[in-house]
Amino acid sequence: MVNRIKCYLPLLFLSTYSNEEKITLPNGRISNVYTGLFINNEFVDSVDRKVFETINPATGKVITSVAEASDKDVDLAVEAAANAFNDVWNHVDGKERGRLLNKLADLMERDLEELAALETLDNGKPFYSAKTYDLPSAISCYRYFAGWCDKIHGKVIETQHDKFCYTRREPFGVCSAIIPWNYPLEMQAWKMAPTLACGNTIVFKPSELTPLTALKVAALCKEAGFPKGVVNVLSGFGPIVGAAIASHMKINKVSFTGSNAVGKSILKASADSNLKNVSLELGGKSPNIIFADSDLDQAVKWAHMGIFYDSGQCCCAGSRVYVEDSIYDKFINKFKEHALNIKIGDPFHKDTYQGPQISLQQFNKIMSHIETGKKEGATLLIGGERHGEQGYFIKPTIFTNVNEEMTIMQEEIFGPVVSVSKFKTIEEVIKKAHLTKYGLAAAVFTKDITRAIKISNELKAGTVWVNCYNLVDANTPFGGYKESGIGRELGKYALDQYTQVKTVQINLGIQM
Ligand code: ADP
């Protein structure tokens, strides 16, 4: 495997264009990789001419270096986005915006294999997943919001006889999005598609850990025909670029997905600057509740996918599994067997289910949570250790004998680590399910439809899955209760996040 990854190492050489390189991807494809900041439809150096390295987490080796933005570049990108909004984009009608978003989706379909391979190289997720799930899902999101572009309208409100009142849904103007590294292409689509559909321009910041596919999509936006300045992409670090965005006086909205601590800092920065509109999709510690009457084999498979998919790096991961005590032993044996059979390793290998964690820092954080779990008295059933000699792989890890006071039952671990415990009654399990600050998602497995509906209504979570897990579509809203966030992404609900409502009152003859 080591040799194989060695020959997979990207061969870099400079092409004739600056801020663009050709990389031979591990699947043999050659990709044009863009390494500059994307402002006004051009790839440019940062003002300070600084760069930073992006790493392949499967090997720990450098892929390439990309431009590192600072607050000066944020100013330039905001100026570009403001000019584009005022001079062009605000006058482009919905049909044309929809055509451009569909064109972008077409180009992503054309380059699907290349984008998927680049995503795998930069993020470490299995190529199969990137190609089969992430790309089609991102593309369908652009298409879904393309469809909304010419259907965003207000209402006529009946008031008094001599009055005519209507509302308009207007764009904010310059918007911004800051995303994490776990689903770079999908998160970009979740934010960029509705932002643009609603008639805003955007300054977009990918995670510093996975900048490559966002920059590639920027190039496709230009090819699709988006006017200059409508889409701007700044690679760089959160505390510098992200913080400059959050406190910028000319950005009217920030949509953020990431950790709770950073989400809160963005809200504060908004309050301390121009009160920009903020929507947040934050962490989770989602309960997955399995009743004795469920289809056990199905419950095991879904619960497995619920936590181990994408190396456990999902905000909605089902990291607390509650099993009715009469089937606990059967469940845990099957669940353990499944986890032991996971194929971990080279994400470009066709059989790989689990790739590496994103970075050494995340790897260390997860391992430290595992140590804490052991110290606090949980039983480590399987896993809890590194896999392989290079890259940041962690074996699927199951804890049992846990309680809600333990750190591993409270904090988001964001790795392939799950805690499984027993329950006896519905009241008990609902109470336990609610004992965290989070409320992003939850799942219930039962054949009793009445119970499924009652418990779904009770659970304080933005999404409840019944007899399934992780199902998200472009047209289904997603977001958190409690400290898991503010606002909803996707679906018609997302249009509320990217428009502001204007009321127009017309006097048809009311006398003073
Ligand atoms: P994670 O722990 O999942 O990496 P973070 O919240 O640290 O989540 O990062 C998510 C995104 O937020 C990234 O794009 C990161 O660069 C950005 N970010 C990090 N710190 C800040 C900050 N202080 N202000 C704004 N954005 C930030």
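Residues numbered from 1 in each chain as written. Predicted model: local features only at pLDDT ≥ 70, side-chain atom pairs only at ≥ 80, totals over all residues. Heavy atoms only, no water.

Looking at an unreviewed UniProt entry, the chain carries the name 18560_t:CDS:1, with the source organism given as Dentiscutata erythropus. Per its UniProt entry, the chain bears the Sequence similarities (unreviewed entry) comment "Belongs to the aldehyde dehydrogenase family." (UniProt positions renumbered as here; feature names shortened; annotations may be inferred.)

Quick look at the site of the ligand
Every one of the 16 residues lining the ligand counts as a neighbour, but I179, W181, K205, E208 and S259 are closest to it. Interatomic distance of 2.9 Å between a side-chain N/O atom of K205 and an oxygen atom of the ligand. With respect to the ligand, the backbone of A243 contributes an N or O atom lying 3.4 Å from a nitrogen atom. The protein chains hide 81% of the 550 Å² of surface that the ligand would expose on its own. Of all the secondary structure elements, the ones that give two or more residues to the shell around the ligand are α8 (238-246) and β13 (253-257). Looking at the shell around the ligand element by element, the count peaks at 4 residues for α8. (Near = heavy atom within 4 Å. Polar contact = N/O pair within 3.5 Å; in protein donor to acceptor, adjacent residues only side chain to side chain. Areas by Shrake-Rupley, 256 points an atom, 1.4 Å probe, with all protein chains shown as cover. Helix = DSSP H or I, 4+ residues; strand = E, 2+ residues; numbered from the N terminus.)

Quick word on the nonpolar core
Core analysis: the largest hydrophobic core is formed by 108 residues, its most contacted members being M108, Y142, F226, F331, F335 and V420. Broken down by element, the residue count for this core peaks at 10 residues, all from helix α5 (residues 127-148). With sequence-adjacent residues up to four places away left out, Y142 is seen in contact with L101, L104, A105, M108, Q188, A189, M192, A193 and V217. (Core = buried A, V, L, I, M, F, W, Y, C linked by side-chain atoms within 4.5 Å. Buried < 20%, exposed > 50% of the residue type's maximum accessible area, 1.4 Å probe, protein only. Contact = heavy atoms within 4.5 Å.)

Considerations on the sheet that holds strand β9 (residues 163-171)
Reading across from one edge, β8-β9-β27 is the order of the 3 strands in this open sheet, with antiparallel pairing throughout. The open sheet has two free edges, formed respectively by β8 (156-157) and β27 (499-507), since each of these has just one partner strand. Summarising the sheet, β8 and β9 pair through 2 bridges and their orientation is antiparallel. Across the sheet, residue I157 finds its bridge partner in β9, namely C165. (Pairing = 2+ DSSP bridges.)

Details of the pattern of salt bridges
Should the charged atoms of two oppositely charged side chains come close, the side chains can pair. For the coordinates displayed, the defined rule picks out 26 salt bridges. Linking D111 and R110 is a salt bridge whose minimum nitrogen-to-oxygen distance equals 2.9 Å. Close ionic contact of K374 with E371 constitutes a salt bridge, the shortest N to O distance being 3.0 Å. Taken together, the residues span about one helical turn, with K374 and E371 both in helix α12 (residues 360-375) at a distance of 3 residues. You can call K374 partly exposed: its relative accessible area is 34%. Overall, the relative accessible area of 35% leaves E371 in the partly exposed class. Each of the salt bridges in this network shares a partner with another, and the network as a whole consists of D106, E109 and R143. (Salt bridge = Lys/Arg side-chain N within 4 Å of Asp/Glu carboxyl O.)

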